[in-house]
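# Structural characterization, general
Each chain, written out:
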Amino acid sequence: AQSVTQPDIHITVSEGASLELRCNYSYGATPYLFWYVQSPGQGLQLLLKYFSGDTLVQGIKGFEAEFKRSQSSFNLRKPSVHWSDAAEYFCAVASVGAQKLVFGQGTRLTINP
Amino acid sequence: NAGVTQTPKFQVLKTGQSMTLQCAQDMNHEYMSWYRQDPGMGLRLIHYSVGAGITDQGEVPNGYNVSRSTTEDFPLRLLSAAPSQTSVYFCASSLGLGDYGYTFGSGTRLTVV
């Protein structure tokens, strides 16, 4: 069965610092991979997605993620975080032809001024 | 377009009561799903639908019923509310899961006392 692991429950970084959020997945074939962001009290917004092609994908709000098949990872990065990036981030995976997404547990990001 | 609309936004129920959480989308999406979000557990799939008249169970279906009589609507019914069903519920829809990911509603915060 598909599964997603986000090893970091909570990360704190300083404003202007770089950010990397980790995501590892378990799936036999090449999956569809997603990162979502959830601001407090809000629904989830799609940041970026990967399903084929270039393994480095660009998303909204200056985020990018890199798919590494050998490591079964899809880590999210941002070169310089802003206070408005404070939120919870979810990695998700779907199999080709699947009708549902499987989510990781989420990583809560706090930004220090 | 309104996107995915969930009502109500907040609800308090007494144990044993029943209620329906409403979800409507105006994007002509075939895929619709219900998730619940609990602290430290990410989002867990309750039920999903790949089109009108077709529904299936997700990871945590017990205590919930769904139906899909139209493309636009996908209500979630709690048959006899229990405190364990206290959660935030999200409805999501997609044109085609793999290529698009899901569009989420803003959620319903349900408390069962």
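For the structure itself, look to the data block above.
A brief structural summary. (Residues numbered from 1 in each chain as written. Chains lettered and ligands numbered in written order. Predicted model: local features only at pLDDT ≥ 70, side-chain atom pairs only at ≥ 80, totals over all residues. Heavy atoms only, no water.)

### Digging into the pairing of strand E11 (residues 108–112) of chain B
Residues and elements named next belong to chain B. Spelled out, the test is: Think of it in three bands: with a 1.4 Å probe and only protein chains considered, a residue is buried below 20% of the maximum accessible area for its type, exposed above 50%, and partly exposed in between. Only DSSP runs of H or I reaching four residues or more are called helices, and only runs of E reaching two or more are called strands; each is numbered from the N terminus. Strand pairing follows a simple DSSP-based rule, namely that at least 2 bridges must link the two strands.
Side-chain alternation along E11 places Thr-108, Leu-110 and Val-112 on a buried face and Arg-109 and Thr-111 on a face that remains uncovered. Pairing geometry for strand E2 (residues 10–13) and E11, over 4 bridges, is parallel. From the neighbouring strand, Gln-11 faces E11, where its bridge partner is Leu-110. The pairing of strand E9 (residues 87–94) with E11 spans 3 bridges and is antiparallel. Directly across from Tyr-89, in E11, lies its bridge partner Thr-108.

### Description of the side chain of Asp-8 of chain A
Rules: Here a polar contact means two N or O atoms within 3.5 Å. Within protein one must be a hydrogen donor candidate and the other an acceptor candidate, and residues neighboring in sequence count only if both atoms are side-chain atoms.
You can see Asp-8 of chain A is positioned in the loop between strand E1 (3–5) and strand E2 (10–14). Side-chain polar atoms of Asp-8 of chain A contact the side chain of Arg-22 of chain A, separated by 2.9 Å.

### Structural notes on the state of the cysteines
For clarity, the threshold we go by: The disulfide criterion used throughout: a pair of cysteine sulfur atoms within 2.5 Å.
For the structure on display, the rule yields 2 disulfides over all chains. A disulfide bridge connects Cys-23 of chain A with Cys-91 of chain A, and the sulfur atoms are separated by 1.9 Å. Here the S-S torsion is close to -65 degrees, and the disulfide linking Cys-23 of chain A with Cys-91 of chain A is therefore left-handed. With Cys-23 of chain A in the loop between strand E3 (19–21) and strand E4 (24–26) and Cys-91 of chain A in strand E10 (residues 87–94), the pair connects residues that are 68 residues apart, well separated along the chain. Since its relative accessible area comes to 0%, Cys-23 of chain A is described here as buried. Each disulfide pairs two cysteine sulfurs, and for Cys-23 of chain B the partner residue is Cys-91 of chain B, the sulfurs being separated by 1.8 Å. Where Cys-23 of chain B bonds to Cys-91 of chain B through sulfur, the torsion about that S-S bond is close to -70 degrees, and the disulfide is left-handed. Residue Cys-23 of chain B is located in strand E3 (residues 19–25), and its partner Cys-91 of chain B is located in strand E9; the two are separated by 68 residues in the primary sequence. Here Cys-23 of chain B and Cys-91 of chain B have matching classes, each one buried.

### Thoughts on the packing of aromatic side chains
Residue and element names in this part refer to chain A. Our working rule: For this analysis, a ring pair means two rings from Phe, Tyr or Trp (six-membered ring only for Trp) whose centres lie within 6.5 Å, classed as stacked if their planes differ by under 30 degrees, edge-to-face if by over 60, and tilted for the remaining angles.
Taken as a whole and assessed by the stated rule, the structure comprises 16 aromatic pairs over all chains. With a centroid separation of 6.4 Å and an interplanar angle of 40 degrees, the aromatic rings of Tyr-50 and Phe-74 are classed as tilted. One end of the pair, Tyr-50, is in strand E6 (residues 44–50); the other, Phe-74, is in strand E9 (residues 73–78), with 24 residues separating them in the sequence. A residue is classified by how much of its surface remains accessible, and Tyr-50, at 5% relative accessible area, is buried. For Phe-74, a relative accessible area of 0% corresponds to the buried category.

### A closer look at the sheet that holds strand E7 (residues 64–66) of chain B
Residues and elements named next belong to chain B. This is how it is decided: Comment: axis = line fitted to C-alpha atoms, over the contacting stretch for helices; angle = value between 0 and 180 degrees taken between N-to-C directions.
Overall, antiparallel pairing links the 4 strands, which are arranged E1-E3-E8-E7 in an open sheet. Only two strands of the sheet have a single neighbouring strand rather than two, namely strand E1 (4–7) and E7. Ignoring which end each strand starts from, the neighbouring axes of this sheet average 20 degrees apart. Pairing geometry for E3 and strand E8 (residues 76–78), over 3 bridges, is antiparallel. Within the sheet, the bridge partner assigned to Thr-20 lies in E8 and is Arg-77.

### Details of the nonpolar core
All names here are of chain A. In plain terms, the rule: By convention a nonpolar core is built from buried Ala, Val, Leu, Ile, Met, Phe, Trp, Tyr and Cys residues, the set being connected through side-chain atoms within 4.5 Å. Contacts: residue pairs with any heavy atoms within 4.5 Å of one another.
By size, the foremost hydrophobic cluster in this structure holds 26 residues, and its most contacted members are Leu-19, Trp-35, Leu-47, Leu-48, Phe-74, Leu-76 and Tyr-89. Only E2, E3, strand E5 (32–38), E6, strand E8 (64–68), E9, E10 and strand E12 (107–112) provide two or more residues apiece to this core. It is E10 that provides the largest number of residues to this core, a total of 4 residues. Setting aside residues no more than four positions away along its own chain, Tyr-89 makes contact with Gln-6, Leu-21, Trp-35, Tyr-36, Val-37, Leu-47, Phe-63, Leu-76, Gly-106, Thr-107 and Leu-109.

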